[in-house]
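What follows is each chain in one-letter form.
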Amino acid sequence: MQNPIAPLLESANRSILGKQHQIRLALCCLLARGHLLIEDIPGVGKTTLAHTLAKLLGLNYQRIQFTSDILPADIIGASIFDPEERSFKFHPGPIFNQMILADEINRSTPKAQSALLEAMEEQQVTVEGKTYHLPSPFFVIATQNPAHQIGTFPLPESQLDRFLMRIELGYPNRNAERELLRGQSRYHLIENLQTELPPEQLKNIQQLVNTVHVSSALLDYLQNIITFTREFPDYPCGLSPRAGLSLLNAAKAWAFMDSRDAVLPEDVQAVLPSVAGHRLRSASQDSGAVVAPILERVNVL
Amino acid sequence: MLASIEKNILLFLLISVGLIALPHIYHIPASIFGFFVLLLTWRFIGIWKPSCLPGKLLLFLLTVGGLVLLYSQHQGLFGRDAGTRLFMTALALKLLEIRQERDLYLIVFLAFIVAASQFLYEQSIAMAGYILFVCCVLLGTLVAINSRRQNTLNALKTSAVILAQALPLAIVLFVFFPRVEAPRWMLFEDKSRAKTGLSDSMEPGSISDLGFSDELVFRVRFQGPIPPNAQRYWRGPVFSVTDGKRWTAAKRYTYTAAAEPDFSEPAYRYTLLLEPQNNNWVFALEMAGDFPPQLHMNSEYLLTRSGNPDKRAEYPFTSYPSYRTGELSGHKLRTNTQLPGPASQKITSLIKRLGGFDTRPEQFVDRVLQHFNRENFSYTLTPPLMEDNPIETFLFETRSGFCSHYAAAFTYLMRVANIPARVVTGYHGGVLNPVGNFLEIRQADAHAWTEVWLENRGWVRVDPTAAVAPERIEQNVNIEQQIASRNISFFSADSELARQLDWLKQARQLWSSVDYNWQRWVINYHSANQTQFLASLGIESLKQMLYWLVGLGALFTSILSWLLLSRKEKTADKVLRCYRRFCARLGKAGLKRNAGEGPLDFAKRSKKAYPKQTEAIDEITGLFIKLRYQKESSQADLSRLSERVDQLKIRRR
Amino acid sequence: MNTLSIKDRFRLNRFFAGENPSDEAIPLNQRRIFILPSKRGLSFVVLILLLLLIAFVYNNNLAYFLTFLLASVFFIGILHSYKALAGLIIQKGQCKPVFAGERAVFEIHIDNPIPVPRLSLEIDLHDKTQMTLAPYEKKAVRLYAPTERRGHQPCGTITLSSGYPLGLFRAWSPLRFNLSVLVYPKPWPQEIPFPETGGGASDQGKAEKGTDDFYGLQEYQRGDSIKRIHWKAYAKGQGLFSKQYSGEQGDELWLHYEASAGYGNEERLSRLCRWVLDAEKAGLRYGLKLPGQKIGLGIGHAHRARCLEALALF
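To keep things clear, this report deals only with the structure shown in the data block. These numbers were taken from a predicted model, which means no experiment stands behind them.

The next point concerns unusual backbone geometry. The phi torsion of most residues other than glycine is negative, and most of the peptide bonds are trans. In the segment running from B:Glu265 into B:Pro266, the intervening peptide bond is cis, with an omega of 5 degrees. Checked against the element boundaries, B:Pro266 lands in the loop between β6 (262–264) and β7 (268–274). Residue B:Met287 is reached from B:Glu286 by a cis peptide bond, and omega for that bond is 0 degrees. As for its position among the elements, B:Met287 is in the loop between β9 (284–285) and β10 (288–290). The backbone of C:Tyr136 sits at a positive phi, close to 60 degrees, despite the residue not being glycine. Within the secondary structure layout, C:Tyr136 lies in the loop between β7 (128–133) and β8 (138–146). A residue is classified by how much of its surface remains accessible, and C:Tyr136, at 57% relative accessible area, is exposed.

If you walk through the whole model with that rule in mind, you get 33 salt bridges over all chains. Taking the shortest distance from any N to any O, the salt bridge between A:Asp161 and A:Arg279 comes out at 2.5 Å. Linking A:Asp161 in the loop between α6 (157–160) and β9 (165–167) with A:Arg279 in helix α12 (residues 265–280), this pair joins segments that are 118 residues apart in sequence. Here A:Arg279 falls in the buried class, since its relative accessible area comes to 12%. Here the residues in one salt-bridge network are B:Arg235, B:Glu286, B:Arg422, B:Glu451 and B:Arg461, joined through shared partners.

With that settled, consider the pairing of strand β7 (residues 130–133) of chain A. Residue and element names in this part refer to chain A. Both strand β6 (residues 124–127) and β7 contribute to a ladder of four bridges, which runs antiparallel. Across the sheet, residue Val127 finds its bridge partner in β7, namely Lys130. Hairpin connection between β6 and β7: a loop of two residues separates the two successive antiparallel strands, and Glu128 in this loop has a positive phi of roughly 45 degrees.

On to a nonpolar patch on the surface. A cluster of nonpolar side chains, B:Leu57, B:Leu58, B:Phe60, B:Leu61, B:Val64 and B:Val68, forms an exposed patch at the surface whose accessible area comes to about 570 Å². With respect to the helices and strands, B:Val64 occurs in helix α3 (residues 56–72).

Attention shifts here to the interface of chain B and chain C. Contacts between chain B and chain C engage 59 residues on the former and 44 residues on the latter. Between chain B and chain C, a total of about 4700 Å² is buried, with carbon and sulfur atoms accounting for 75% of that surface. At the junction of chain B and chain C, the tally comes to one salt bridge. The salt bridge partner of C:Arg40 is B:Glu101, with a shortest N-O separation of 3.1 Å. Of all the secondary structure elements, the ones that give two or more residues to the side of chain B that touches chain C are α4 (80–95), α5 (101–121), α6 (125–146), α7 (152–176), α17 (495–523) and α19 (542–565) of chain B. Among the elements that take part in the side of chain B that touches chain C, α7(B) stands out by supplying eleven residues, more than any other.

Before going further, it helps to examine the sheet that holds strand β8 (residues 139–144) of chain A. Residues and elements named next belong to chain A. Pairing is parallel in the open sheet, where five strands are placed in the order β2-β5-β8-β1-β9. The sheet is open, and its two borders are formed by β2 (61–65) and β9, each paired with just one other strand. Averaged over all neighbouring strand pairs, the angle between strand axes comes to 20 degrees, with direction disregarded. Judged from the four bridges that link them, strand β5 (residues 99–103) and β8 form a sheet pairing that is parallel. Looking at the pairing, Ile100 lines up with Val140 of β8.

Right, let's talk about the interface of chain B and chain A for a bit. Across the boundary between the two partners, chain B contributes 17 residues, which contact 19 residues of chain A. Summed over both sides, the interface of chain B with chain A buries roughly 1500 Å², with 58% coming from carbon and sulfur. When the buried surface of chain B facing chain A is broken down by residue, B:Gly596, B:Arg628 and B:Tyr629 rank first, second and third, together holding 40% of it. In this structure, the connection of chain B to chain A is made through zero salt bridges.

Each value, and the rule that gives it
Residues numbered from 1 in each chain as written. Chains lettered and ligands numbered in written order. Predicted model: local features only at pLDDT ≥ 70, side-chain atom pairs only at ≥ 80, totals over all residues. Heavy atoms only, no water. Helix = DSSP H or I, 4+ residues; strand = E, 2+ residues; numbered from the N terminus. Buried < 20%, exposed > 50% of the residue type's maximum accessible area, 1.4 Å probe, protein only. Salt bridge = Lys/Arg side-chain N within 4 Å of Asp/Glu carboxyl O. Pairing = 2+ DSSP bridges. Patch = residues over 30% accessible without salt bridge, like charges linked within 9 Å, V, L, I, M, F, W, Y side chains within 5 Å. Areas by Shrake-Rupley, 256 points an atom, 1.4 Å probe, with all protein chains shown as cover. Contact = heavy atoms within 4.5 Å. Buried area = accessible area lost by both parts, 1.4 Å probe. Axes fitted to C-alpha atoms, helices over the stretch in contact; angles between N-to-C directions.

Next comes the structure, spelled out in C-alpha cells:
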C-alpha cells in the first residue's frame, strides 16, 4: 500500500527546504489530532510551514497575529447587534477555520492566550452562553518567540501542556539556504501548491492512526518512561497522564507515517523530544537535551 | 509505650504463653499453676481494660506473694521442679508488667525456657510436636512485633517457614554436636518420683500390681530370628532367701562375678532399649553370653548397670537359650536350700506322696509339676488373700494364684526335698510389633519362675506356672492368630467391626513402631550412642565430628542462602529471551546494545558493524518486532527466531 | 560503579556513612547492607546458652534439639535480615527549595522489584519513618530535615534499616545521595514597604498595571491603585473589583541590596527575600540588584525562583 502521506511530505519538502524532520513531526502532530507549538526566532519559516501544510491538506487557513492589544473577542468573535433583525448576531472570529496559525502567541496577554487555548482544548467556543463548534479537522500551529525577548508573556507551564508537540525549526543548512536565496519567492510557490490530502482523507487517516497496534511490551516501555520522568530529580515535575496519552498518540502517528501497523520503541523515541521536552522543562530550548537522560537510561526491552 | 503495642500482638503472645505453660498442669503444684493462671487471666482482661492492670505497689505485693508461694514448696532454687516453678512464677509476674517491646521479648524468652522445661518431664513425640507448634507461635509473636500492618496469620506463616528452614541445620547440630555427660555435681535429682516395676523382694501377690500395667519396660529388636515365646524369659532379680512369706536376694552374691556357663547354639543377637527404671537391673534374654562392658553380671546371672537408671539406655546382647552352669559351692548350696524353719507335716507328707527324698530330682520336679497340673490348681491374677502361712494355704486351700505363688510354692517344695532352688523374677514373652519388627515388653509381662540345680546340668529353669496355665507360656505370639482368636470369641458375628479393629490394631502397632524409633534415635541419642552412630558413618574423633558439623552446617547454609537470596531474573517472555541471546552474541563480539536502544536502531548499528550479516540481522530484528510489538504472530515465528539466533555466527571485530 | 578497590572496600567510614554520594539509583546488595545482632539478638544468644546448659545438665535430647533449633533460627535470621533489604532500589528524588527555618523535604524513591513484600522498613534521616512495601511496589518517601542557614544544605546520610523478621538482627544500609536542598533566606517577618526605585515612575512600588486598553475586571488585590477600582460595581454591592488594562508600562520594581542600608548582611537578604515574595504576590514586575549581580525585570514562578536562589547563594 502506497502511504498516502508520502506525496504530501514530498511536496512539503520541496517548498520548505532542509526541514524534513520538522515537517514530519508537524504532520505527525496533525495526524495525532494534536496542536503544534513552534518556538523559534522570527524568519526561519514558521509561517511558511503552516501555510504549506494548510495548502497541501486543503484546509481553510487563517493566520492570527497576536499582539499585545489583541482581545479574546478578536480571536473568537463577538455578538454584534443587528439593527435590522433587532437582535445580537454572532460574528465568528478567525478561530473558525480549520487551520489556524497563531503567530507570536507570547506577545499577547495571558487573557487572549487562554481564549485560544480553551478553544483548542474543547474544540468549541462559548460566547454569551451559546456554544459554537469549531470546524473539523481543527489544527492550531502556534509560534512563540523564545522567552528571553523583551515584552512578551511566555506561555505558562500549564498552557504548554495543551500543545501536543513543541518543535524548533532552526536555521536552514547551507545548501538549503543557498537554494532559498536562489529560488523564486516562497509565497508564490505555496500559492501554487496542489491539495495532496483532502480533509475527508485526512479524517480517514486520523481514524487509521488510532488502529495502530500497541503491544503490552510497548506500554511497559512507555510507562517506564513516564515513571522515570516522575522520579528523575532533574525534572521539576514528571509527565502527566495526559502527557503519557499524548506521547502514545504521537508515537502511533509516527508509526503510521513509517507505514507500520504497530508502534515500536523507536517511534516513541522519535517523538519524545517534541512531545515531552516542553512538558518536562518549559524554560529549556533544547528538547533533545531535556529528554536525553530518558533515551539513555530507560531500558527498551 | 503501652499503647503502641498492638492488641492482637498481646493477644497472640498471651495465647502462646498459655499454651506453653499448659502441660505443666501435671507437673507443678496446683497453687503455683493457679497463681500463673490467675495472673494470665488478669493480663487477658487487661488487654481490653488496661485500667484494671496492677500498679507498682500491687505488682510488688504480687511478686512477694509469688516468692512466698515458691518458698512454701520447700524446693530450693535448683533442680528441675524448683527451676520450673521459678520460671513459671517469673513468667506470670512479667506478664503483668508489659511496658515496652523489650518486655515482650523477655516474655518470649522466658516462655522458651518454660518450653524446654516441659521436655524434662515428658519426651513423647506428641509433646515434642506440641512444643514445636507453640515455639512456632512464639516466633510468630516476634515476627508480628517486627512487621507493621501484617496480620497475625501471615506472621505465623513466616515463623513456620523460618522454623522449617532452621530444621535441617538443627538436625545437623543435633547429630554432630558432641554430647558429654554432665558431671555428677550438676545433677539435681528429684527423688520424689516413683515408678512401678519389679521390686527387690517378692511376696506372693506382689507382682499382681504389675499384671495390669500397660507401661513399657523395654523393647528388643532381634538381628535374625526371634526366639519362640516359650524361650523368651527376660531375666531379672533372683531371690534365694525366704522367711516363708517374703523372698529376697542374697546380699552376698550381689557383686561377685558369675562363672560363665557353657553355651551352645542357637545364639540370638539383639539390641535392647530399656525404658527408665527404678533399679539398675537390665533384663536380658536367658542366658546372656555377650553383653556390653558397662554392664555387670553377678553370680546369680543378674545384669546390672552402673549410672542413673532414670535414663533410657540401649544395649546389644547375644543370648543362648541352652546353657549349662557349673558346680555349686558349699555356701551357695546352703543358701539355695535355706528354709525359714522345718516344714510342716502336711508339706512333708505331700512331698513324700510325690516321691520326694528318694527319687531323682528330675523326676521329683516332673511329679510336682504334674501335681500342679492334675489337681485343681488354677491361674488367676486376682487370687484370694493368703496371710499367715501363704505357701501352705496356697498348696492345700486356695489353690489359685499366679506366677509368684507358683514359683514360691514350687521353690519351697524343692528346698524341702533338699534340691537347691531359687526364685527368678523378670519378664516373659513380649508382643511382636510387626511394623517395626521388635518385641515390646510391658509391665504386664512381669513373671516369676524357679530355677533348680540339678547334678550335671547346673541351674535349670522350671516354670511351674506353665504347668497350670501353659497358654501363658507356650503361646507363640502370633498377631494374626491372636486377632483371629479374638474374632471368634468376641466378634464372630460382626466381621466388619473386626476389620475395623484389625485396622486399629495395625495403626497402634505403627504408632508403637514410630515411638520405638523416636525413643531409640532421638530421646536416647546420648554420648555412647552418638559415638557408636557416628563411628558407623566413619566419624571417630571429636575433631572429625566438628569438621562434619561445620561442613554440613556450611552446606545447608549455602543451600539455604541460595534458595533464599538468588533472585532468579526470570524472563517469562521467550521472545525476549531469544532476543537477549542475540544481543549477548553481538555483545560478545564487542557490540553492546545500549539500554535505551530500540531494536531497529540496534539493527542499524550492528549491520554497519557486520555488513556480512545484514540479512540475518534484518530477519532476526524483523521477527522480534513482529513477535513483540505486532498484533499477530505465530509460534512458527518464535521457533524461526530462535533458530536464526542460534545460527548467527559473528566473529569478534 | 561495581568496581571498588580493596582499600575502599575496607574503609571504615563506609560502615557508618555509606559509600560516596551518588547520583544514580542505588541497588542494595551485599556491599551496601550491613548486619549486626541487635541487643535483643544478643540476649537471644544468652537464652540459647541457658537452654544449652539446661539440656546439658539434664542430658535431655529434646531440650538439646530445642536449643539447636533456636540457634539455627538465630543463624538463619542473618539471611532473612539480609533479605529484608536486599534488592531494594533506592533513588533520589526531588527536593524543593525551602525558606530557612522551614523543614526541608527530601524525596527518595524506594522500589521493590521482586514479588516479596518488605515489612517493616525504617528510614532514618533526622526522624525515623516506618514503612512497608508491597510486592513490586514503588514508593516515594519524604524525609524531613530542619534547615537553619540559607544556601545549599546537603541531605546527609540516609539510613535504611530493618529488623524484620525476628528483630534479632538489624540490617542497615547507609545511603548518601548527591542531594541537597536550596535554602532561601528567611523572609523578613513583618511586612515592609517596597523600596524606592531609582528613577521609577511609580511611587512606593505601587506600580500600576498597563493603562492602554481595558480588558477586564479582577478581584481587588492589595496594592491595586484606588483609581482602578470599579466603583460602579462596588456601588451595586457586587464587591471590590479592579479594572484591568492591557499593556504593561510603569509597574517595575527594582529591589536593591543597598535599599536596606543599616542592616547586617543576613537581615538585608531577609528583607530582600520578603520584597521578592510580596512583589510576586502583588503581580509586579521586579528585578534584583545585588553587589556584583543583577537579575532583570520579570515576573512569574521561574523569575521568583531565580531571584530567591541568588539571595540564597549570595
